[in-house]
Amino acid sequence: MDRVIVGLIAFLATILITPLAITFAKKHNFVDIPDKRKIHKNPTPRIGGIGIASGIFAGMIITGIITRMTWVFWSLIPFSIITIMGFIDDVKGLSFKWKFLIQIIASILAIVLVDTNINHINNPFGGSINLGIFGPILTLIWLVGVTNAINLTDGLDGLAAGISAISAFTIAITASRVDVTATLVAISIFASAVAFLRYNFHPAKTFMGDTGSQLLGFSLALIAIKGASLSASTLSLAVPLLALGFPILDTIYAFARRILGGHNPFLPDKMHIHHQLLDIGFSQITAVLFMYAISILFSIIAIKYRGIHDLTAIAFYIIIGILLISFLWVMRKRRAKNGRYVKDQNSKTKQNS
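Residues numbered from 1 in each chain as written. Predicted model: local features only at pLDDT ≥ 70, side-chain atom pairs only at ≥ 80, totals over all residues. Heavy atoms only, no water.

Remarks on the overall build of the protein chain
Alright, step 1. Helix and strand counts for the protein chain come out as 13 helices and 4 strands.
Alright, step 2. In the protein chain, which comprises 353 residues, the proportion classed as buried is 51%.
Alright, step 3. Restricting to contacts in the protein chain with at least 6 residues of sequence separation, those with at least 24 account for 74%.
Alright, step 4. Entry remark: accessible area of the protein chain is about 16600 Å², with carbon and sulfur atoms responsible for 68%. (Helix = DSSP H or I, 4+ residues; strand = E, 2+ residues; numbered from the N terminus. Buried < 20%, exposed > 50% of the residue type's maximum accessible area, 1.4 Å probe, protein only. Contact = heavy atoms within 4.5 Å. Areas by Shrake-Rupley, 256 points an atom, 1.4 Å probe, with all protein chains shown as cover.)

Below, the structure written as structure tokens:
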């Protein structure tokens, strides 16, 4: 019953607040203007993430009241910092250096105030590994990394919200036997993301902006750790890695591609997986559904094999990554070949005319 109450409150808060955010954005001209790097054709309100934040915060407050776990209330501090940073970036603009700095500060607060720390991880050869001083460092990298991974997927209508909903649902399922509080927070994230799709699925009435994507990423990263315990002293990173499989895979792919190409890995481009799917002929909706399917595949593996070792999760990454990249490569080659064929046919037609 608690899960239904928390989910319903988070859902209704997002459903009710998002239209107000859209109206506010139009009134103050907080809209996303199309350019050569963007997919949309018309100016679109870009602070819809206020609705997501409202839902997550409402669900967390109710969760804290129900479970009486103080870490839920403490987590609202770094969550608020991330949300405010995202809003400022949406309306004013922030450099990636400032965003990274604020993400690091919020992550340190989460480690200190919320006790979000990867102290011990599962040892694939038995027992656990004490990370010592490297625990907080790994936690910091995880929080900042996942925050930006979700942000990078926010390139098509409904993509980031849908993938976040799938990830949150996966975490809620896998954490249900370990931590009730983590489960309820994950349900808050899930319900808020699903509600936001009402306004964000193609054709989008609003974008979540960094207000939404940064908060979704940060909250998922934090709750994934909270719900990943194998025991009182051991964490398994396999489930968080798989639950957030697609955004992490896309981020690794993007950074590797930019570094190998001699480009700044932190500068945006138009070569993410969703961009490449559009290039090979997918529509926006088809591309989004395709990536939902990949996320669901990762989630099924996480739920079915929740006790697998971390190295096995990495193996799944490699296999799915190779299959996905191979698919994109084959489809690009086929499209290029068909393009040359059509061009040759047109040339022959002109010559015979």
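Observations regarding a nonpolar patch on the surface
Alright, step 1. A grouping of Leu8, Phe11, Leu12, Leu16 and Val194 is seen on the molecular surface, where their side chains present a nonpolar patch of about 420 Å² in accessible area.
Alright, step 2. A total of 4 residues in the nonpolar patch trace back to one element, the largest contributor, which is helix H1 (residues 2–27).
Alright, step 3. Topologically, leucine 12 is positioned in helix H1. (Patch = residues over 30% accessible without salt bridge, like charges linked within 9 Å, V, L, I, M, F, W, Y side chains within 5 Å. Salt bridge = Lys/Arg side-chain N within 4 Å of Asp/Glu carboxyl O.)

Things to note about the side chain of arginine 46
Alright, step 1. With respect to the helices and strands, the residue arginine 46 is situated in the loop between strand E2 (44–45) and helix H2 (49–67).
Alright, step 2. From its side chain, arginine 46 meets the backbone oxygen of aspartate 90 in a polar contact 2.3 Å long.
Alright, step 3. When sequence neighbours within four positions are dropped, the list of residues in contact with arginine 46 reads Phe30, Val31, Asp32, Asp90, Val91, Thr206, Phe207, Met208 and Gly209. (Polar contact = N/O pair within 3.5 Å; in protein donor to acceptor, adjacent residues only side chain to side chain.)

Some thoughts on the packing of aromatic side chains
Alright, step 1. Enumeration according to the criterion identifies 9 aromatic pairs in this entry.
Alright, step 2. Aromatic side chains phenylalanine 79 and phenylalanine 218 sit 5.8 Å apart centroid to centroid with 85° between the ring planes, which places their arrangement in the edge-to-face category. Highlighted residues: phenylalanine 79 in helix H3 (residues 70–91) and phenylalanine 218 in helix H8 (residues 209–226), separated in sequence by 139 residues. Each member of the pair phenylalanine 79 and phenylalanine 218 is classed as buried.
Alright, step 3. Look at phenylalanine 169 and phenylalanine 190: their rings are 5.6 Å apart centre to centre, the planes differ by 45°, and that puts the pair in the tilted class. Separated by 21 residues along the polypeptide, phenylalanine 169 in helix H6 (residues 159–175) and phenylalanine 190 in helix H7 (residues 180–200) bring together distant segments of the chain.
Alright, step 4. Take phenylalanine 169: its relative accessible area is 40%, and that puts it in the partly exposed class.
Alright, step 5. For phenylalanine 190, a relative accessible area of 29% corresponds to the partly exposed category. (Phe/Tyr/Trp six-rings, centres within 6.5 Å; stacked < 30°, edge-to-face > 60°.)

Considerations on the pattern of salt bridges
Alright, step 1. Counted under the stated rule, the structure contains 2 salt bridges.
Alright, step 2. With a closest N to O distance of 3.3 Å, aspartate 89 and lysine 99 form a salt bridge. Taken as a pair, aspartate 89 in helix H3 and lysine 99 in helix H4 (residues 96–113) lie far apart in primary sequence, 10 residues in all. An identical accessibility class is assigned to aspartate 89 and lysine 99; each is buried.
Alright, step 3. Aspartate 210 serves as the salt-bridge partner of lysine 99, at 3.3 Å between the closest nitrogen and oxygen. Separated by 111 residues along the polypeptide, lysine 99 in helix H4 and aspartate 210 in helix H8 bring together distant segments of the chain. As far as the burial class goes, lysine 99 and aspartate 210 line up, both buried.

What about the confidence of the model for the protein chain?
Alright, step 1. In the predicted model, the protein chain carries a mean pLDDT of 86, and 87% of its residues have values of at least 70.
Alright, step 2. Looking over the protein chain, one finds the lowest element-wise mean pLDDT in helix H13 (residues 310–352), namely 69, and the highest in H2, namely 97.
Alright, step 3. Low confidence marks residues 341–346, where pLDDT is under 50. Its contacts with residues over four positions away, or in another chain, come to 0 contacts. (pLDDT = per-residue confidence, 0-100.)

A short note on the packing of H1 against H7
Alright, step 1. Close contact between H1 and H7 brings their axes to 8 Å; oriented N to C, the two are set at 35°. For H1 against H7, the interelement crossing comes out right-handed. Residues Asp2, Arg3, Val6, Gly7, Ala10, Phe11, Thr14, Ile15, Thr18, Pro19 and Ile22 of H1 lie in contact with H7, whose contacting residues are Thr183, Leu184, Ile187, Ser188, Ala191, Ser192, Val194, Ala195, Phe196, Arg198 and Tyr199. (Axes fitted to C-alpha atoms, helices over the stretch in contact; angles between N-to-C directions. Left-handed = near helix turned anticlockwise from the far one by under 90°.)

Brief notes about H4
Alright, step 1. With 18 residues, H4 extends 25 Å from end C-alpha to end C-alpha; this agrees with the ideal 26 Å at 1.5 Å per step.
Alright, step 2. As for H4, its buried residues are in contact with H3, helix H5 (134–153) and H8.
Alright, step 3. Aspartate 115, located one to two residues past H4, shows a positive phi value of around 60°. (Expected span 1.5 Å × (residues − 1).)

With respect to the environment of phenylalanine 134
Alright, step 1. Within the fold, phenylalanine 134 resides in helix H5.
Alright, step 2. Residue classification places phenylalanine 134 among the exposed positions, given a relative accessible area of 57%.
Alright, step 3. C-alpha separation for the pair phenylalanine 134 and isoleucine 118, spaced 16 residues apart in sequence, amounts to 8.7 Å.

A few points about H2
Alright, step 1. Relative to the 27 Å expected for 19 residues at 1.5 Å per residue, H2 spans 27 Å between its end C-alpha atoms, a close match to the ideal helical length.
Alright, step 2. Looking at H2, one finds that the buried residues are Gly49, Gly51, Ile52, Ala53, Gly55, Ile56, Gly59, Met60, Thr63, Gly64 and Thr67.
Alright, step 3. Just downstream of H2, arginine 68 is the residue with a positive phi angle, here 60°.

Details of the packing of H4 against H8
Alright, step 1. Contact geometry for H4 and H8: axes closest at 12 Å, N-to-C directions at 35°. Seen from above, H4 lies across H8 with right-handed handedness. Between H4, through Lys99, Gln103, Ala106, Ser107 and Ala110, and H8, the contact on the second element is made entirely by Asp210, Gln214, Phe218 and Leu222.
Alright, step 2. Broken down by class, the residue content of the contact of H4 with H8 amounts to 4 nonpolar, 3 polar and 2 charged. (Nonpolar A, V, L, I, M, F, W, Y, C, P; charged D, E, K, R; others polar.)

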